[in-house]
Each structure stands twice: as structure tokens, then as C-alpha cells.
Amino acid sequence: MCHQTVSLVARHLEAGGLPTVIMGCAKDIVEHCGVPRFLFSDFPLGNSAGRPFDAASQAATLELALRVLEGAPSGRTTVQSPLRWRDDASWKLDYSNLDKMTPEEIAEKRKEFDVVKEIIKTKPGRT
Amino acid sequence: MTFAPEHDVPIPYMQRTRDYYVALGYDNPYRWAHFEDVPFTPLPTPLAQARVALITTAAPYQPGVGDQGPGAPYNAAAKFYKVYSDATTAAPDLRISHVGYDRKHTTAEDPNTWFPLARLREAAAAGRIGALTPRFHGAPTNRSHRVTLETDAPELLRRCREDGADVAVLVPS
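Since the model is a prediction, treat every value here as computed from it, not as a measurement. All residue numbers here refer to positions counted from 1 along the written sequence of the relevant chain. Here chains are named by letter from A upward and ligands by number from 1 upward, in the order in which they appear as written. This being a predicted model, a pLDDT of at least 70 is required before a residue's local features are given, and a value of 80 or more before pairs of side-chain atoms are given or counted; all residues contribute to the totals for chains, interfaces and linings.

Brief notes about the domain arrangement of chain A
Formally: Per the annotation, domain bounds derive from an automatic or database assignment of domains.
Here chain A is partitioned into domain 1 (2–86) and domain 2 (96–127). The C-alpha centroid of domain 2 of chain A is placed 28 Å from the C-alpha centroid of domain 1 of chain A.

Below you can see the structure in the form of C-alpha cells.
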């Protein structure tokens, strides 16, 4: 949801005359929405700005984002960071992947989700 | 010649979450925002002279609403529902327990991975950007496209303009 939110906001800022760049990890959501400029890091969600405890990787990620801001020739410009989370890409198979869950795990998640829905119902601007 | 493994592609989050929530009993698939046209505004000034606004989806820490991490389970009670702003000279205590980050492969222990304030300050000190605006801004993550587009996005634009921003860097968590 975070990636969709910033995508919608970037579009609004840009239409209002403010150039934007998004730094993010969910390529499909951002590109499906359609945004002016996007630096994509192929990292687990939560690491849009570089690796944990690695200032050099964070600085390199920001520098790439700034270059996308400066150099994008038109809207829907995506640049992918050359950094890799790790050599082995098997982490990509885990996120919300039903194929990797047992029926018991799915039932457990279903119960947890019902609780979350109840909490959200009590809040304004339900989300 | 050896190709990379088939699964070594950007994760298809829309498909994964659609399938996942159907399995969890949500039979009404979420409609993700999708537009044909994309607005585009050229840079008005070189970055070395530009005032940069930073926009995050991270939440200010709220005492009393449960575990907010690092590493906390998803915490819907820690969500926020209004745009907020804080000084870029401060050291804000921001958390991301209210969003669906990858809890298996990252622990959210280092806020610099989703909130590049320190790195932007360094870029300003080095002259790579002109300056940060006096405030950064928090964008609520709302399932409702209408709330984001009609309420939150206009408020964020208003605050960026008030701060004299020339460009904005947006970072989802």
C-alpha cells in the first residue's frame, strides 16, 4: 500500500509543478500506477533507500535517485539499481507466497487477519 | 551460457497479495491504481541549487499502541490517518510496524534503509543538492485511492510549496 500511496502523491505533486522521484522496491505496483520517475531497488520491502547498516549502499542508492531526478527524459522512467540483496535470489519466493505455506499456516494467518480487520474498523479513514 | 533462475525477477506483489487475501477470505480483490497518462514536470533548477522535500510513509512512534518494532508483527493500531510534518534538523523516532514490509528478510533495525534523511543531509553538506526543506512530511497509507488523491496528496503539495520545495523525493517503507 505504501508504494501505491507514494505513486499517487508523486503524480499529484508533479501535476502541481513539483518534479518528483520515488525510491522503492515494489516495481509492479509503482509501474502499474504510472509515475514520472522511479528508482527501483530489487530488495525486500522495507529497504527502499539501501541496505541496513551500510551507509555506502544507502548513499549510492540516493545518488542514483538524484540522477534519475536530473536525467529522466519523460514520464514512466524507471531505473533499476545494480545492487543485489544477495547472490541467491531465493528470498523472492517467500513474500505472501501461498505456494510456500501449509494449510495450517494459512488458517492461522486468516485468524490474525480477522483481528486486524476489527482494529481497522474502529479507526477513522479505514485503511 | 547460463541464464539467471526464472524466479530472479522483481516480485509480482499485486498477484501475490491478490492470491493471498483471497485465501484469507477476502473475496473482493483489491483494485490497484492504474492510469494511462503520467504527469511530468522538468527540473526547474539544477539540483545543486534545489530545495529538496522528503516524503515518507513511516509513522511517528506512538506510546501505548503496542509493539512497533524493529521486527514487530504488523500493527494496525500504529497507523496514522493525517499528513504530518517534522523538522529535518531533528532526529525523529519513526517506525514501520504499520505497513507490510518483508518481515522475513528484513528487520527494520536501521531506519536509514527506508528514511534517507541522514544521507540527504550529507548530500546537502556536500553541495550535491542545494538544501533540504525545513520539514519532511508523512503520507498516510490509505486503502482508499480517493482519500489519498483528494485529501492527503493536496495537503502534501500545499506543505511542500509552503516550504519552498523545488523537487520531492518520496520513499515508501
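Thoughts on the environment of Leu93(A)
Short version of the rule: Per the convention used, a helix needs a DSSP run of H or I reaching at least four residues, while a strand needs a run of E reaching at least two, with both numbered from the N terminus. The contact criterion used here is simple: two residues whose C-beta atoms, placed from the backbone, lie within 7 Å are in contact.
One can find Leu93(A) in the loop between strand S3 (77–80) and helix H4 (103–121). Among residues more than four places away in sequence, those in contact with Leu93(A) are Lys100(A) and His7(B).

Quick word on the nonpolar core
Going by this rule: Joined through C-beta atoms within 7 Å, a set of buried Ala, Val, Leu, Ile, Met, Phe, Trp, Tyr and Cys residues constitutes a nonpolar core. Here a residue counts as buried when 20 or more other C-beta atoms sit within 10 Å of its C-beta, as exposed when there are 12 or fewer, and as partly exposed otherwise, the C-beta atoms being derived from the backbone.
By size, the foremost hydrophobic cluster in this structure holds 66 residues, and its most contacted members are Val9(A), Ala65(A), Val52(B) and Ala168(B). Among the elements that line this core, the one with the most residues is helix H3 (residues 55–71) of chain A, at seven residues. Beyond its immediate sequence surroundings of up to four residues, Val52(B) is in contact with Leu120(B), Ile129(B), Leu132(B), Thr133(B), Ala165(B), Val167(B) and Val169(B).

Topic: the pairing of strand S6 (residues 135–138) of chain B
We apply this condition: Here the rule is simple: two strands pair whenever DSSP picks up at least two bridges between them.
Looking at chain direction, strand S1 (residues 51–56) of chain B and S6(B) are connected through two bridges and run parallel. Residue Thr56(B) lies in a different strand from S6(B), and its bridge partner there is Gly138(B).

Thoughts on the interface of chain B and chain A
Put simply, the test is: Polar here means any residue other than Ala, Val, Leu, Ile, Met, Phe, Trp, Tyr, Cys and Pro, which are nonpolar, and Asp, Glu, Lys and Arg, which are charged; Gly is therefore polar.
In this assembly, 77 residues from chain B lie in contact with 74 residues from chain A. Looking at the side of chain B that touches chain A, the elements with two or more residues in it are helix H1 (13–23), helix H2 (117–125), helix H3 (145–162) and strand S7 (167–171) of chain B. It is H3(B) that provides the largest number of residues to the side of chain B that touches chain A, a total of ten residues. Along the lines of polarity and charge, the residues of the side of chain B that touches chain A split into 48 nonpolar, 16 polar and 13 charged.

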